[in-house]
Amino acid sequence: MKSYFFKRTLELVPIFFVISIIIFMLLNAMPGDPLLQMRMDNPRAFAQDPERLAELREYYHLDDPLIVKYFDWLKNILIGDLGFSSQYKIPVSELIFSRLPNTLLLTVTAWIIGIVLALPIGIYAAVKKYSVFDYSTTVFAFVGISLPSFWFALMAIILFGVILQWLPISGLETYGVTGFWNVFLDRFRHLIMPAIVLGFIQVAFWVRYIRAALLEVLDQDYIRTAYAKGANERRVIIRHALRNAMIPIITIIALDIPYFFGGALIVETVFAWPGMGRLMYNAVLASDYNLAINCLMFLAIITLLSNLLADVLYVVVDPRIKLDERKRG
Amino acid sequence: MAFSLKRKYDDLEQEISGLPVGSYSQLVFKKFLKHKLACLGAVVLITLIIFTFFGPLFVETAYDDMDFSAIFAPPLSENHFLGTDEIGHDVFVRIMYGGRISLLVGIVSSVVSTIIGLIIGLISGFLGGIWDELLMRFVDVMLSIPLFPVLLILSLVFGSGVFSIIMVLTVFGWMRVTRLVRGMTLSLRESEYVMASKTMGQNQVMIILKHILPNVIPIVIVTTTLNLSYAILSESSLSYLGLGIQPPMPSWGNMLQGSMSYILGTSTGHNPWWLTFFPGFLIFITVLNVNFLGDGLRDALDPKFVSES
C-alpha cells in the first residue's frame, strides 16, 4: 500500500513538469503587456521618461529568453515565491490564500449538497428499477446534465433574488452586519443560491452513476444468496450491495473535485463570489500575468492531487486490491 | 432469384430463432425508433437546425436591425414575438441568427475533435509500444489541465472569431475519444481476424481501415454527440463570459451576457426577464436533446444488442 502510494506520487512528477511547461507557454502566448497596468496607473511618469520603460523591462527580466524565464518561474514557485499581482499590488500567495477559503466554503457546501441528494435518489432509483420514480430520475438527470450553469444561476437570481426577493443576489456578505448570529445567517443566505446551483448539476451526474454502480452489484450472485438466506431487503442493500457499489462511487466523487473548482469559476462570476475562480477570471482579463499563471498552476495541482486521491481511495476501499498487492510485495 | 430465396431462408431462420430480422443498419434503426426520448431528440434537433439555418431567410429583420419604437418590448407584443432588448433588437430574430453560430461552432468543433481523437487513438492503439506510451501520457497531461480556465486563455490568444472558437474547442476536445478508441483498438489488435489478415500479408493501413475502424465507429458516433453537447455548453459559457463570439454578431451565450446588465430591472423598473430566459432556454433545449439522441444512439449501436433482445 505504502509503496503503491509512493509510486503513484512519483509518477506525478513528470506530469507536473509537462503541465507547467504547457501552462507557461499558454500564458506567454497571451496578448497584453505585464507593464501595461503600471503604465496606465502612472501615464505621466512614463511619458516624461521614455528610458524608464526599458529599465523596468530589464528589472522584471521581460526580455529574457523564454527558457530562462521558465526556469526562473519554476524556481520561484518551488520556493513558494509567487510574485506580485499587478492588479491588486499585493503578493499573489496572499491573494490566493485570502480567496481560497471562500472557494472551499462554496465548493464543499455544494459537494455536500450533491452527495446528500444524489446518494438516496440514486440508491432508490436502482432499487426500484423501471418504476415511475426511476424514469423520472433519468429525465431529471438528463435535465441536470444539460443545464447551462450560468443560465441556471441567472434564472435563480431573477426568481429568488429579484422577483421574490428571498435571497441576496451577489457577494459573500452584507456590509455592516454585526453580531455572531446575524453574520452567520447573512453568510448562509449568501451561500445558499451559489451552492445549490453548483451542487445541483453534479447531482445529476452522480445520480446516474450511483444507480448504474448499484444496479451492477444487485445483479451479482451473492446478493441473490443473501436474499435466499432470508436477509431483509434493507440489510441486503446496505450491508451487501452498497458496500461494494461504494468503491466506484467514491472514486468518481473524488475525481470530480476539480470539476467543482472549474464550475466554480462560472458560478463565482455570476454571483460575484470572491473566490479563486473569479480571481483567475479577472486576472486573465486584466492580463495580470503572475496571478493568472499561478492560479492556473494551483488548479492544475489540485486536479493532479484529486486524481491521486481517487486512485489511492480505490485501493483503500477495495480489500481485493490490497490483498493482491500484498501477494506481489 | 436464388439470392432472394436465400434471403427469405435467412429471415425465416432468424424468425424461428427469435432474433430480430434485417441488416445491421436496419436493426440499428429499429432499435433507435424504440427509444422514445431519442426520437424526440432527433426531431427537435432537426427542427432547430432548420429553424436556425433557414429561418432567417424568411424574415426581413436582420439581427442588428433596431426598432426604436419598441424598446424592451415584452414577448408577444406587436411585430416582436419574443420581445426586444435595450436598443430594439428583435429577440426572436437574434435567437435564430445566434443559433446558427452556436450550432455551427458546436457541430464543427465536435466533429473535428472527434476525428482527431479517432485518428490518434487508432495510431496509438495499433502501433503500441513507446508511441502508445508517449501519446497516452500526453493525454493524461491534457486531461489534468483545468479545462475551463485554459479555454479562457486560449480564446484570448486566438482572438474571438467563429473560427478561433472552433479551434480552441477542438484543441481541448479530442482526448476522451482517443482514450476510448485506443482501448478498443488494443483489444481488437489481438483478435483472430486481425491476426489472420496480418498473416495473409495485408498491410497495416488496410487492416486499420477494414478491420478496426468499422468496429470503433459506433462508439465514436456516440462520443460525437457527447462532444457536441459539451462544445455547445463551452461555447455559450465562453461567450457568456465575454470571450467567445463578440457582439453585434449574436450567439446564445453572448445574448445572455448582454442581458446581464438588466437582470436587476431597467431604470424604469421593469424586469426584462425574456432577454435572459429565451437564449438560455434554447441552449438548454438543444443540449438536452443532443443528450437524448446520444443515449438512443448508444442503445441502438451497442453491438451486444442482438443477443440481448
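Below is a summary of the structure that appears in this document. (Residues numbered from 1 in each chain as written. Chains lettered and ligands numbered in written order. Predicted model: local features only at pLDDT ≥ 70, side-chain atom pairs only at ≥ 80, totals over all residues. Heavy atoms only, no water.)

Focus on the overall build of chain A
Right, so step 1: Scanning chain A from N- to C-terminus turns up 15 helices and zero strands.
Right, so step 2: With respect to the principal axes defined by its C-alpha atoms, chain A has extents near 90 × 60 × 40 Å.
Right, so step 3: The proportion of buried residues among the 329 residues of chain A is 42%.
Right, so step 4: Looking at chain A alone, contacts between residues at least 24 apart form 73% of all its contacts between residues at least 6 apart.
Right, so step 5: Surface accessibility of chain A: about 17500 Å² in total, with carbon and sulfur atoms responsible for 65%. (Helix = DSSP H or I, 4+ residues; strand = E, 2+ residues; numbered from the N terminus. Buried < 20%, exposed > 50% of the residue type's maximum accessible area, 1.4 Å probe, protein only. Contact = heavy atoms within 4.5 Å. Areas by Shrake-Rupley, 256 points an atom, 1.4 Å probe, with all protein chains shown as cover.)

As for the overall build of chain B
Right, so step 1: Counting secondary structure elements, chain B contains 13 helices and zero strands.
Right, so step 2: Its helices and strands taken in sequence order, chain B reads α-α-α-α-α-α-α-α-α-α-α-α-α from the N to the C terminus.
Right, so step 3: Among the 309 residues that make up chain B, the fraction classed as buried is 49%.
Right, so step 4: At a minimum sequence separation of 6, the contacts of chain B that also span at least 24 residues come to 71%.
Right, so step 5: Accessible surface for chain B amounts to roughly 15100 Å². Of this, 69% is attributable to carbon and sulfur atoms.

Observations concerning the pattern of salt bridges
Right, so step 1: In this structure the tally under the stated criterion is 10 salt bridges over all chains.
Right, so step 2: When the shortest N-O distance is used, the salt bridge between A:Arg224 and A:Asp221 registers 3.6 Å. Within this pair, A:Arg224 and its partner A:Asp221 are both found in helix α10 (residues 221-228), separated by three residues, close to a single helical turn.
Right, so step 3: Residue A:Arg224 is classed as exposed on the basis of its relative accessible area, which comes to 56%.
Right, so step 4: A relative accessible area of 53% means that A:Asp221 is categorised as exposed.
Right, so step 5: B:Arg182 serves as the salt-bridge partner of B:Asp132, at 2.8 Å between the closest nitrogen and oxygen. Of the two residues, B:Asp132 is situated in helix α5 (residues 129-144) and B:Arg182 in helix α8 (residues 175-189); the sequence distance between them amounts to 50 residues.
Right, so step 6: Residue class for B:Asp132 comes out buried when judged on its relative accessible area of 8%. (Salt bridge = Lys/Arg side-chain N within 4 Å of Asp/Glu carboxyl O.)

Topic: the environment of B:Ser191
Right, so step 1: By the element assignment, B:Ser191 lies in the loop between α8 and α9 (192-199).
Right, so step 2: For B:Ser191, the side chain forms a polar contact with the main-chain oxygen of B:Leu188, separated by 2.6 Å. (Polar contact = N/O pair within 3.5 Å; in protein donor to acceptor, adjacent residues only side chain to side chain.)

Section: a nonpolar patch on the surface
Residue and element names in this part refer to chain B.
Right, so step 1: On the surface, a cluster of nonpolar side chains totalling about 910 Å² of accessible area is made up of Ile-49, Ile-107, Val-111, Ile-115, Ile-119, Ile-123, Leu-127, Ile-130, Trp-131 and Leu-134.
Right, so step 2: Only α4 (91-127) and α5 provide two or more residues apiece to the nonpolar patch.
Right, so step 3: A total of six residues in the nonpolar patch trace back to one element, the largest contributor, which is α4.
Right, so step 4: Secondary-structure assignment places Ile-119 in helix α4.
Right, so step 5: By relative accessible area, Ile-119 is classed as partly exposed at 45%. (Patch = residues over 30% accessible without salt bridge, like charges linked within 9 Å, V, L, I, M, F, W, Y side chains within 5 Å.)

Remarks on the interface of chain B and chain A
Where interface size is quoted, it is often the accessible area lost as the parts come together.
Right, so step 1: Across the contact, 39 residues belong to chain B and 40 residues belong to chain A.
Right, so step 2: Counting the surface lost from both chain B and chain A, the interface buries some 3600 Å², and carbon and sulfur atoms represent 84% of this.
Right, so step 3: When the area that chain B buries against chain A is broken down by residue, the three leading residues are B:Ser144, B:Ile153 and B:Phe284, summing to 15%.
Right, so step 4: Linking chain B to chain A there are one salt bridge.
Right, so step 5: In this structure, A:Arg208 and B:Asp295 form a salt bridge, with 3.7 Å as the shortest nitrogen-oxygen distance.
Right, so step 6: In this assembly, chain B and chain A are joined by four residue pairs in polar contact (both at pLDDT 80 or more).
Right, so step 7: Looking at the side of chain B that touches chain A, the elements with two or more residues in it are α5, α6 (147-158), α10 (204-240) and α12 (273-301) of chain B.
Right, so step 8: When residues in the side of chain B that touches chain A are grouped by element, the largest group, 12 residues, is from α12(B).
Right, so step 9: Of the residues that constitute the side of chain B that touches chain A, the class distribution is 29 nonpolar, seven polar and three charged. (Buried area = accessible area lost by both parts, 1.4 Å probe. Nonpolar A, V, L, I, M, F, W, Y, C, P; charged D, E, K, R; others polar.)

Points about α6(B)
Right, so step 1: For α6(B), spanning 12 residues, the distance from its first C-alpha to its last is 16 Å, which sits close to the expected 16 Å at 1.5 Å a residue.
Right, so step 2: What α6(B) keeps buried is the set B:Phe148, B:Pro149, B:Val150, B:Leu151, B:Leu152, B:Ile153, B:Leu154 and B:Ser155.
Right, so step 3: Where α6(B) is buried, its residues touch α1 (2-29), α12 (257-271), α13 (276-285) and α14 (289-317) of chain A together with α7 (162-171) and α10 of chain B.
Right, so step 4: Directly beyond the C-terminal end of α6(B), a positive phi value near 85° is found at B:Gly159. (Expected span 1.5 Å × (residues − 1).)

Function cannot be inferred from these measures alone, as they are strictly geometric.
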